[in-house]
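Spelled out from the first residue to the last, the chains are:
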Amino acid sequence: MTGDTPILRTVARFAVPLTAWVSIIIFLQGHNLPGGGFIAGVMAAGAGAMYLLAFGVAKASRVPWWKVSVVGLLISVLTGAGALVAGRSYMDHDIWHFYLPVIGEYELPTATFFDLGVYLIVLGTLMTIFVEMAQEEGR
Amino acid sequence: MPQLEILLPGIVFMPFAAGALALWLWRFAGKHTGILMVLAAAGSFLGCLQLATASVPVSFVREWIPGLTVALSLRGDPFGLYFALLISGIGTLVGIYALGYMPPLAPRRLGQFYAALLAFMGAMLGVALSDDLILLFVFWEATSVTSFILIGFWYEQEEARKGAWTALQVTALGGMVMLAGFILVGLTCGTYSLQQLTHSRELQARLAESSAFAPALLLILAGALTKSAQWPFHFWLPRAMVAPTPVSTYLHAATMVKAGIFLLGRMLPLFSAAWLWTGVLVPIGLATFLLGAYQAMTATDLKAILAHSTVSTLGLFTAIYGLASPEQDALGIFAHATYKGALFLIAGIVEHATHTRDIRQLGGLRQRMPMTFAVAVVAALSMAGVYPTLGFHAKEAFYESLLHGPALAGSHWQAAVIALSVAANALIFAAAARFVAGVFLGKPSEHAGHAHEASPILWGPPALLAGLALVMGLLAPTTEQMVNALSSHPGAKLHVALTPAVAGPLLLSMATAGLGILFFWGRGGLDALRQWRPAWLSTEWLWDAAMAGVVTGATAFSSRWQSGSLRWYLSGTLMFTVGLSGVALWHGGLSLRDVAVRFEEMQWYGVALCAMLTASAVMVVRSRTRIGATLALTANGFLTSALFVVYRSPDILLTQILIESVSTIFILLVLYFMPPFRVDGFSVMRKAFHVAVSLAVGLCIFTFIMLSTSPTLRETHNLAADYLTRSLADAGGANAVNVIIVDFRAIDTNAEITVLMVVGLLVYGLLRSRRRSP
C-alpha cells in the first residue's frame, strides 16, 4: 500500500492534523458534551489510517503503536489504583477542583485520566492492527 | 503467650521460605543444599516440641477473608502437634538420608528437588496445624501439587510422569470434592473453625439435623480416602513408587498418605455418631486392609511390597476410625511411621548397593551389610507385630478394641471382622518375613556381588526409627502416657503394658503369627492366585479407561465444536445472545401490546430512510462479490447515522459515523487476504439454519427496541433516570454516556479495554511471527 496519490496526499496534509485536533477536543469535552475517550480514540485512529493511506506504511509504523496501548492500560489501571492509595475502593473516582490564574475555578474529574487511558488503548490497538495488516500486503 | 503464638506461622511458613531459598542457594551450595532441609525440619521439630510443652493449646488467628468467615488460623492442639512432630521429625531424618542418597545430579536439579521437598513439608505442617477448614484445604492441595513434582522427579522416564500424573489426578480431585464438603459444613454451621466445630455440641446438633449432613460426610470422606489411598482409589500409591526413595519414605509412608487418616481423626467428633460413617469407613477400611496385605505378599518390587502394606495399614486405621475407637490412633500411627519409614529407607539402601529392587534377584545380603540387616530385622519385627515392639502394642490395642470395644461388642459382625483382621495381619506378618528373608537371607545372588555396607549417613536414619520402634515398645509406661496425651480423642485411656492384662488380644496375636508363618510357607500359592485375576478386574484399569475416555471425549467435542468456520462461531454467539435476551424479555413480563405505535410521527423522510436501509440490507445479502457486500454494508451504516441526524442524538451519530469509517477501512485492508467469497452451493439445511438465525436475531433486536419505549419498562426498571440524575451530581459530568463508561461502570470498561489491548497484541504477535517464518 504505497502512498502515491497526490490528491489524497494533499488532502491528508490538512485533514490529518485537523482530525487529530478535533479528536483531542472531543476527548476533552467528553465528560459534559458528546464525545469521550473511546470515540475520540476511534477518530484519532481514523486520522492515523488516513495518514497511513496517504504517506505509506513505513512512515505510519514509526510509532510503536502497541506500546501506546500498553501505556494506555497502565494509565487506566494506575488511575483506578490511585483510589486504593487514598484508602478507597478500586476505580472510585474523585473530582478535583483547581484555581487557575486566568481561567478561574476549574474542575477536573479524575475519571478524565482513566478516559485518557481508554483513548490511548483504542488508538494504539486500532493502529497496531492497521499497520500490521498494511505491512502484510506489502509481501 | 505471644512468643509462642508466633511460633505457629513460623513452623508452617519457614519451610516454604527455605524452599524459596533452596531455589537460589544451589548456585553456591551445590549438593549441600540438602542441609537446608535438615535445618528447616529440625527447626520445625523444635518449635513443635516447644508448643507441645505449653500448658494450653496455642492459637494463632488473623483475618483472611472475613466476608466469608475464613480465617488464617492455626492451632497447636495435641493431635495436630503430634502429627507436626512426626512430619518434622521424619523430615529431619529423610533430609539427612537424602544427603547420602541423592545421586550427583546437576546442582540446579538438586536445588529444585529440595525446594519441592521443603514446600511439601511446609504444606504438610499446614495441614496438621490448620484450624480453619479452608486453610486446611489450601495446604491439602499444596501437598498434592508438591508431591506431583516430587513423584515426577525422574521426569525423563515415562513411568515417573505417569505415576505423578495419576497421583495428582486422584488426590487433587479428591481434595476438590472434600472442599465441597467443607463448604457444606461451613454454610450449615456458620464457621470453618475446627475447634469450634468439634467442641460445640450445638453446632454438631445443627449439622446432624440438616439435610447437608450426609452429602457433607460423603464428600469429606472422598477427600480423606483418596489421599490415604483407600480402595477403590488405592492404585495411585504403588504407582507413585517411581519417586526417589527419600520421597517415597517421607510422602508415602510417614506423612502425606496419613493426611487422610488425620482428617478422619479431625472429623470424628462431627460425624462419628452417624451410621453412614461406620457404614462407609469400616467396609472400605477392612477391604483395603485385606487387599493391600495380600498384594504386599505377592508383589516383587521391594518398594511395591512396602507400598501395598502401607495401603493395607492405612485401611486398618480407616476401619479403626470407622469403629469410632480413636484412642489407639496415636499409637498406631507412631508404630507404622517408625517401622515403615525405616523399611523404605532400607529398600533405598539395598537398591543403592545392588542396583535392583526386585526381591527375586536379591538375597544373602546378611553378611555384606550387617548393619542394614540388623536394622531391617528390628523394623520388620515391629511390622509383623512381634513382642515387645511398638507394632506389637498397636496390634494388641486393635484386637482389644475389636473384642471389647463399644462399636462391635455383641454385634453379629464381630466374628467376621475379627477373622478378617487376623487374616490381614497375618499377611502383613508374612510380608515382613518375606522382606527380610528375600533380601538378607539365603544364598547371595549375583546382584549381591559388589554390595557393601552403606555409610552411616544412610543407615543412621532408619536405625534411629527402628530403635524407636523397639525402645518405645520396651518403655511401655512412657509410651502409654505419650499416646494417650497425643490422641485425637481427648480423654484417651489406652492401656499399653509389657505384661498383657487380658488373654483375648494375646491369643489373637498368636493366631496371627501362626497364620502368618503358614502364609509365608505357602507364598507360592498366593502368587498363583494373583496370576489368575484378569487385568480389567481392577479399579486401576477402570480409572485409566475413564481418564482415556475423558481425553477422547474432549478431543471429539472440540474438533466438532471448534470447527474453524466463522459462520458457525457467529451463529453460536448470536443464538446464545438471542436466547438469553429472549428469556429475559419473557421473564420481565413485558409485552409489545403496551407499546403505542404511531406511524404518523415517522414523516416522509423517516419512511424514505427506512426504505433505503432495507434496500441496502438486501444488497448486502444479494451481493455476489465481497467488495460489493462491503460497500452495501457501509452504505447501510451511513444511512443508519442519517437516522440519528433525523432523531437528534448527536452522541450516537458521532460514534456511528466513526465506527463505520474505521471498520470500512479495516475491511478493505483485510479483503485482499480473504478466501474466495462463497455464495453458492449451500445445502438446504444450511440455508434454512442461516435464515433461522437471521430471523431470530432480527426479531430479538426489533422487540428490544420496541419494548424500550414501553411504559412498563420505563416505570419499573428505570436505571436510566438514576444514572442521569447522579451523573452530574456524583461524577461531575453532564454527558451521562461517558460518565457511565468511565465512572459508574469503570471496572467493566477496565476489563473491556484490557481485552482490546490483548487483541491488538495478538494481531501484532501473530502477523509478525508469520512474516518472520515464511
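Conventions adopted
Residues numbered from 1 in each chain as written. Chains lettered and ligands numbered in written order. Predicted model: local features only at pLDDT ≥ 70, side-chain atom pairs only at ≥ 80, totals over all residues. Helix = DSSP H or I, 4+ residues; strand = E, 2+ residues; numbered from the N terminus. Buried ≥ 20, exposed ≤ 12 C-beta atoms within 10 Å, placed from the backbone. Contact = placed C-beta atoms within 7 Å. Rg over C-alpha atoms; globule rule 2.2 N^0.38 Å. Axes fitted to C-alpha atoms, helices over the stretch in contact; angles between N-to-C directions. Parallel < 35°, antiparallel > 145°, perpendicular 65-115°, else oblique. Left-handed = near helix turned anticlockwise from the far one by under 90°. Nonpolar A, V, L, I, M, F, W, Y, C, P; charged D, E, K, R; others polar. Core = buried A, V, L, I, M, F, W, Y, C linked by C-beta atoms within 7 Å. Expected span 1.5 Å × (residues − 1). Domains from an automatic or database assignment. Pairing = 2+ DSSP bridges.

(A) Examining the overall build of chain A more closely. Tallying secondary structure elements over chain A gives 5 helices and 2 strands in all. Along its sequence from the N terminus, chain A presents helices and strands in the succession α-α-α-α-β-β-α. The 139 residues of chain A split such that 46% are buried. Summarising the internal contacts of chain A: among those between residues at least 6 apart in sequence, 70% fall at separations of at least 24.

(B) Representation of the overall build of chain B in the model. Scanning chain B from N- to C-terminus turns up 32 helices and 2 strands. Taking 28 Å as the expected radius of gyration for a compact globule of 774 residues, we find that chain B reaches 35 Å, considerably beyond that expectation. With the principal axes as the frame, chain B shows a C-alpha extent of 110 × 65 × 55 Å. Within chain B, buried positions represent 43% of all 774 residues. A separation threshold of at least 6 residues defines the contact pool for chain B, and within that pool the share at least 24 residues apart is 79%.

(C) Spatial organisation of the environment of M575 of chain B. Residue and element names in this part refer to chain B. Mapped onto the elements, M575 comes out in helix α24 (residues 566-588). Since 15 C-beta atoms lie within 10 Å of it, M575 is described here as partly exposed. With 122 residues separating them in the primary sequence, M575 and V697 have C-alpha atoms 7.5 Å apart. Among all residues touching M575, those that are not within four sequence positions of it are V693 and A696.

(D) Representation of the packing of helix α4 (residues 65-85) of chain A against helix α32 (residues 746-772) of chain B within the structure. Interaxial distance between α4 of chain A and α32 of chain B falls to 10 Å at its minimum, and their mutual angle equals 160°. When the axis of α4 of chain A is compared with that of α32 of chain B, the two are roughly antiparallel. Where α4 of chain A crosses over α32 of chain B, the handedness of that crossing is left-handed. Packed against α4 of chain A, whose contacting residues are W66, S69, V70, L73, S76, V77 and G80 of chain A, the element α32 of chain B presents A746, N750, I753, T754, M757, G760, L761 and Y764 of chain B at the interface. Looking at the contact of α4 of chain A with α32 of chain B residue by residue, the class counts come to 9 nonpolar, 6 polar and no charged.

(E) Local environment of the interface of chain A and chain B. Contacts between the two partners involve 46 residues from chain A, matched on the other side by 38 residues from chain B. Looking at the side of chain A that touches chain B, the elements with two or more residues in it are α2 (37-55), α4, β2 (104-109) and α5 (111-137) of chain A. Per-element tally for the side of chain A that touches chain B: the top contributor is α5 of chain A, with 18 residues. The class makeup of the residues in the side of chain A that touches chain B is 26 nonpolar, 14 polar and 6 charged.

(F) Summary view of the nonpolar core. Residues L118, L343, A379 and L427 of chain B are the most contacted members of the largest nonpolar core, which totals 201 residues. What A379 of chain B contacts, discounting residues up to four positions off in sequence, is Y339, A342, L343, I346, P462, A466 and A469 of chain B. One finds A54 and Y119 of chain A together with F744 and M757 of chain B within the second-largest nonpolar core, a separate group that totals 51 residues.

(G) Local environment of helix α5 (residues 133-151) of chain B. If you check α5 of chain B, its first and last C-alpha atoms are 26 Å apart, about what 19 residues at 1.5 Å a residue would give, namely 27 Å. Of all 19 residues in α5 of chain B, 14 are buried, a share of seventy percent or more.

(H) View of the domain arrangement of chain B. Assigned domains within chain B: domain 1 (326-521) and domain 2 (582-717). The straight-line distance from the C-alpha centre of domain 1 of chain B to that of domain 2 of chain B is 80 Å.

(I) Looking closely at helix α6 (residues 158-189) of chain B. Here α6 of chain B contains 32 residues, and its C-alpha end-to-end distance of 46 Å stays within 8% of the 46 Å for a straight helix at 1.5 Å per residue. Once α6 of chain B ends, the next one or two residues include G190 of chain B, with phi positive near 80°.

(J) Looking closely at the packing of helix α3 (residues 78-101) of chain B against helix α4 (residues 107-129) of chain B. Residues and elements named next belong to chain B. Taken N-terminus to C-terminus, the directions of α3 and α4 make an angle of 165°; their axes are 8 Å apart at the nearest point. By the angle between their directions, the pair α3 and α4 is classed as roughly antiparallel. In terms of crossing hand, the pair formed by α3 and α4 is right-handed. Residues G80, F83, A84, I87, S88 and G91 of α3 form the contact with α4, whose own contacting residues are M121, M124, L125, A128 and L129. Of the residues in the contact of α3 with α4, the class split is 8 nonpolar, 3 polar and no charged.

(K) Spotlight on the pairing of strand β2 (residues 70-76) of chain B. Residue and element names in this part refer to chain B. Examined bridge by bridge, strand β1 (residues 58-65) and β2 share 7 bridges and lie antiparallel to one another. Within β2, the position partnered with R62 by the bridge is L72. Counted along the chain from β1 to the antiparallel partner β2, the turn is 4 residues long, and its residue T69 has a positive phi close to 55°.

(L) View of the environment of S193 of chain B. Residue and element names in this part refer to chain B. Tracing the sequence through the fold places S193 in the loop between α6 and α7 (194-199). Separated by 244 residues in sequence, S193 and A437 place their C-alpha atoms 49 Å apart. Dropping the residues within four chain positions of it, S193 is found in contact with S73, D131 and D132.

(M) Just unusual backbone geometry, in detail. All names here are of chain B. Cis geometry is adopted by the peptide bond preceding P232, which originates at W231 and carries an omega value of 5°. Secondary-structure assignment places P232 in the loop between α9 (213-227) and α10 (236-239). Cis rather than trans, the peptide bond between Y387 and P388 has omega equal to 0°. Structurally, P388 is set in the loop between α16 (370-384) and α17 (390-404). The backbone of A229 shows a phi angle near 55°, a positive value even though the residue is not glycine. With respect to the secondary-structure elements, A229 resides in the loop between α9 and α10. A positive phi angle, near 65°, is found at H355, a position not held by glycine.

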